[in-house]
Amino acid sequence: MEEKNTEKQSRRQMLTETPIPQLIVKLSIPTIISMLVTAFYNSADTYFVGRISTEATAAVGLVFSVMAIIQALGFFCGHGSGNYLSRMLGAGNKKEANEMAATGFAISILLGFTVVILGNIFVEKLAVWIGASPATMDDTISYMRIILIGAPFMMGQFVINNQLRFQGSAIYAMVGLMCGAVVNVILDPLLILVLKMGVTGAAIATVSGQIISFTVLLIGSYKGENIRISIKNVHINGHYILEIINGGAPSLFRQGMAAVSTLLLNKFAGFYGGDAAIAGMSIVTRVMMMMVSALIGFGQGYQPVCSFNFGAGLKGRVKEGFYFCVKWGTIFLSALAVLSIVFAPQIVGWFRNDPQVIEVGKVALRCQAAVMPLMATTVMCNMMLQSMGKGLKASISSSARNGICFIPLILILPRLFGITGVEITQTVADIISVFISVPLAWTELKEMNK
């Protein structure tokens, strides 16, 4: 019992007393690795499928919008439950933290099975809805059927991963994701290129990796002083559902809007440039995701610091962490932006060596890279608001880039400028979203000064 109290004290001491730069770096290294690994194995399918055909590359890109919806639901439960349990641990309320962990996990599994059933019933209509052409229809359906089967495991792993992070156990979260990534990257070339299974092999590799990650993360949640997920702690009631909505709605909006924006992007790219344009824009989406994933991992190292210290009333540490992350995130993204602008054709060509794909992709990548440093500010504003439990402001902030700004622009710009309008939409949306996110965060920073 005495040893347990010492462990609790050491975790509290670590999160509330360690110097902010040192603490965020320590917590963010595993989360940066986790995010890079996740982005890498999400891009592995695109790379290996790119060895087959432009149509197969386009099909995988189309199904990415469906995967984004599954991820949105997983992050909704994971961030919603993780934010709350971290604040409860900061306030010394272990009972509610335990109940929230189990409840958030249970809801994600129920949602996952709902997606499996409904998705497979309406898979053909869904393929048409996400923009599959006659040339990509068969590959799209084959890939999507298998991806849908993995929905409960994908959602469950997002929940456990985020709950571990918000408890300060980023190492366990990293190991779980890395195990799945290794399996996926090994299976991709084996199933796609050696056994000639095409997009079906890519989907099997992805789902296999998710099942492994889910299993390892679940085991990790029973290690050390982490909260044990127990069925007896499941309480699906109004109180916990509202707290999950409050903490998870920003992630749901962010990821949900990403799914809608990807869907619209694919539709307009296909209309103005055909399957080659869909493939080019899909590659750029994956490349940007890989580069920004390091920033998100950095921010995820800040989130438990923010929520725990906010719950403990140490608001000075919350602010210090925010400014630290914005500063170094901007510097990092500026370096990546320069490299992306210079080597854009080579980066796109590495995924699919098709002149038409490269022509669309290099313009879009250069435009998006030019404003990429701004994302350090918008992402950190959103993460701070969400971790503090400011659900409404965080939801608006998280919806800005891929929703409030992007959706109207993708409906307007391509009609005015054709395929160029498709290529520049995300760039314009990123610029406008800064003017939405910063004022929302600034009001909270001013309030903390009082």
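Please read all numbers here as calculations on a predicted model, not as lab measurements.

Asker: Any chance you could explain the overall build of the protein here in plain terms?
Answerer: Helices and strands together make up the secondary structure of the protein, namely 17 helices and 0 strands. Computed over its C-alpha atoms, the radius of gyration of the protein comes to 21 Å, within 12% of the 22 Å expected for a compact globule of 450 residues. Overall, the C-alpha framework of the protein stretches about 65 × 40 × 35 Å when taken along its three principal axes. Put simply, the protein has 450 residues, and 59% of those count as buried. Relative to all contacts within the protein whose residues are 6 or more apart in sequence, the contacts with residues 24 or more apart total 83%. For the protein, the accessible surface area stands at approximately 17200 Å², while carbon and sulfur atoms represent 70% of it. Here the protein carries 32 positive and 22 negative side-chain charges, and the mean point of each set is 6 Å from the other.

Asker: Would you mind showing me how to read the side chain of serine 437 here?
Answerer: Along the chain, the position of serine 437 falls in helix H17 (residues 419-449). Residue serine 437 is classed as buried on the basis of its relative accessible area, which comes to 1%. Among residues more than four places away in sequence, those in contact with serine 437 are Thr378, Cys381, Ser397 and Ala400.

Asker: Got a minute to help me understand the packing of helix H11 (residues 315-342) against helix H12 (residues 344-351) in this structure?
Answerer: Describing two packed helices takes the angle between their axes plus the distance from one axis to the other. Direction vectors running N to C along H11 and H12 enclose 75°, while the axes themselves pass 4 Å from each other. As far as their axial angle goes, H12 and H11 are roughly perpendicular. For the pair formed by H11 and H12, the contact residues are Ser340, Ile341 and Val342 on the first element and Ala344, Pro345, Gln346 and Ile347 on the second. Of the residues that constitute the contact of H11 with H12, the class distribution is 5 nonpolar, 2 polar and no charged.

Asker: Just to check I follow, could you spell out the confidence of the model for the protein for this structure?
Answerer: Detail in the predicted coordinates should be disregarded across regions flagged by low pLDDT. Of the residues in the protein, 97% reach a pLDDT of 70 or more, and the chain-wide mean stands at 86. Element-level mean pLDDT values for the protein span from 61 in helix H1 (residues 2-17) up to 94 in H11. Considering only residues more than four positions removed or in separate chains, one finds that residues 1-9, a stretch of pLDDT under 50, has 3 contacts.

Asker: Would you take a moment to explain the nonpolar core for this structure?
Answerer: As a rule of thumb, nonpolar side chains are buried together in soluble globular proteins. Counting 123 residues, the largest nonpolar core has Tyr143 and Met384 as its most contacted members. For this core, the element with the most residues is helix H10 (residues 238-311), which contributes 25 residues. What methionine 384 contacts, discounting residues up to four positions off in sequence, is Tyr302, Cys306, Val318, Phe322, Ala441, Glu444, Leu445 and Met448.

Asker: What am I meant to see in the pattern of salt bridges here?
Answerer: Where side chains of opposite charge bring their charged atoms close, a pairing between them can arise. Across all of its chains, the model carries 5 salt bridges by this definition. The shortest N-O distance in the salt bridge between lysine 390 and glutamate 444 comes to 3.9 Å. Within this pair, whereas lysine 390 is found in the loop between helix H14 (375-387) and helix H15 (391-404), its partner glutamate 444 is found in helix H17, the two being separated by 54 residues in sequence. A residue is classified by how much of its surface remains accessible, and lysine 390, at 28% relative accessible area, is partly exposed. The exposure class of glutamate 444 is buried, given its relative accessible area of 9%.

Asker: Whenever I open this one, unusual backbone geometry confuses me. Can you help?
Answerer: Trans peptide bonds make up most of the peptide bonds, and negative phi angles are found at most residues other than glycine. In this structure, lysine 196 takes a positive phi of about 55° despite not being glycine. For lysine 196, a relative accessible area of 67% puts it in the exposed group.

Asker: Just checking my understanding: could you explain the packing of aromatic side chains for this structure?
Answerer: Summed over the entire model, instances satisfying the criterion amount to 9 aromatic pairs. Between tryptophan 350 and phenylalanine 351, the ring centres sit 5.3 Å apart and the planes meet at 90°, which makes this aromatic pair edge-to-face. Members of the aromatic cluster, joined through ring pairs, are Phe105, Phe153 and Phe214.

Asker: How do you make sense of helix H13 (residues 355-370) when you look at a structure like this?
Answerer: In an α-helix, one turn spans 3.6 residues; hence positions three or four apart end up facing the same way. Under the 1.5 Å per step criterion, the end-to-end length of H13 is 23 Å for 16 residues, consistent within 8% with the ideal 22 Å. Every buried residue of H13 is listed here: Val357, Ile358, Val360, Gly361, Ala364, Leu365, Gln368 and Ala369. The N-terminus of H13 is capped by aspartate 354, whose side-chain oxygen sits 3.0 Å from the backbone nitrogen of glutamine 356.

Asker: How should I be thinking about the side chain of serine 387 in this particular structure?
Answerer: Examined against the element boundaries, serine 387 turns out to sit in helix H14. For serine 387, a relative accessible area of 0% gives the class buried. Among the polar contacts listed, one links the side chain of serine 387 to the backbone oxygen of methionine 383, at a separation of 2.8 Å. When residues no more than four places from it in sequence are discounted, the contact partners of serine 387 are Asn83, Arg87, Phe166, Gln303, Cys306 and Ser307.

Asker: Hey, could you run me through a nonpolar patch on the surface in this one?
Answerer: A contiguous nonpolar patch, built from Leu110, Ile236, Ile241, Leu242 and Ile245 and spanning about 450 Å² of accessible area, is present on the exposed surface. In this structure, leucine 110 sits in helix H4 (residues 94-121). For leucine 110, a relative accessible area of 54% gives the class exposed.

Asker: How should the packing of helix H3 (residues 54-90) against helix H7 (residues 151-166) be read in this particular structure?
Answerer: Running from N to C, H3 and H7 point in directions that differ by 30°, and their axes come no closer than 8 Å. When the axes of H3 and H7 are compared, the pair comes out roughly parallel. Read as a crossing pair, H3 and H7 show a hand that is right-handed. Each residue belonging to the contact of H3 with H7 can be placed in one class, and the counts come to 12 nonpolar, 10 polar and 1 charged.

About the cut-offs
Residues numbered from 1 in each chain as written. Predicted model: local features only at pLDDT ≥ 70, side-chain atom pairs only at ≥ 80, totals over all residues. Heavy atoms only, no water. Helix = DSSP H or I, 4+ residues; strand = E, 2+ residues; numbered from the N terminus. Rg over C-alpha atoms; globule rule 2.2 N^0.38 Å. Buried < 20%, exposed > 50% of the residue type's maximum accessible area, 1.4 Å probe, protein only. Contact = heavy atoms within 4.5 Å. Areas by Shrake-Rupley, 256 points an atom, 1.4 Å probe, with all protein chains shown as cover. Lys, Arg positive; Asp, Glu negative; His and termini not counted. Charge placed at Lys NZ, Arg CZ, Asp CG, Glu CD. Axes fitted to C-alpha atoms, helices over the stretch in contact; angles between N-to-C directions. Parallel < 35°, antiparallel > 145°, perpendicular 65-115°, else oblique. Nonpolar A, V, L, I, M, F, W, Y, C, P; charged D, E, K, R; others polar. pLDDT = per-residue confidence, 0-100. Core = buried A, V, L, I, M, F, W, Y, C linked by side-chain atoms within 4.5 Å. Salt bridge = Lys/Arg side-chain N within 4 Å of Asp/Glu carboxyl O. Phe/Tyr/Trp six-rings, centres within 6.5 Å; stacked < 30°, edge-to-face > 60°. Expected span 1.5 Å × (residues − 1). Polar contact = N/O pair within 3.5 Å; in protein donor to acceptor, adjacent residues only side chain to side chain. Patch = residues over 30% accessible without salt bridge, like charges linked within 9 Å, V, L, I, M, F, W, Y side chains within 5 Å. Left-handed = near helix turned anticlockwise from the far one by under 90°.

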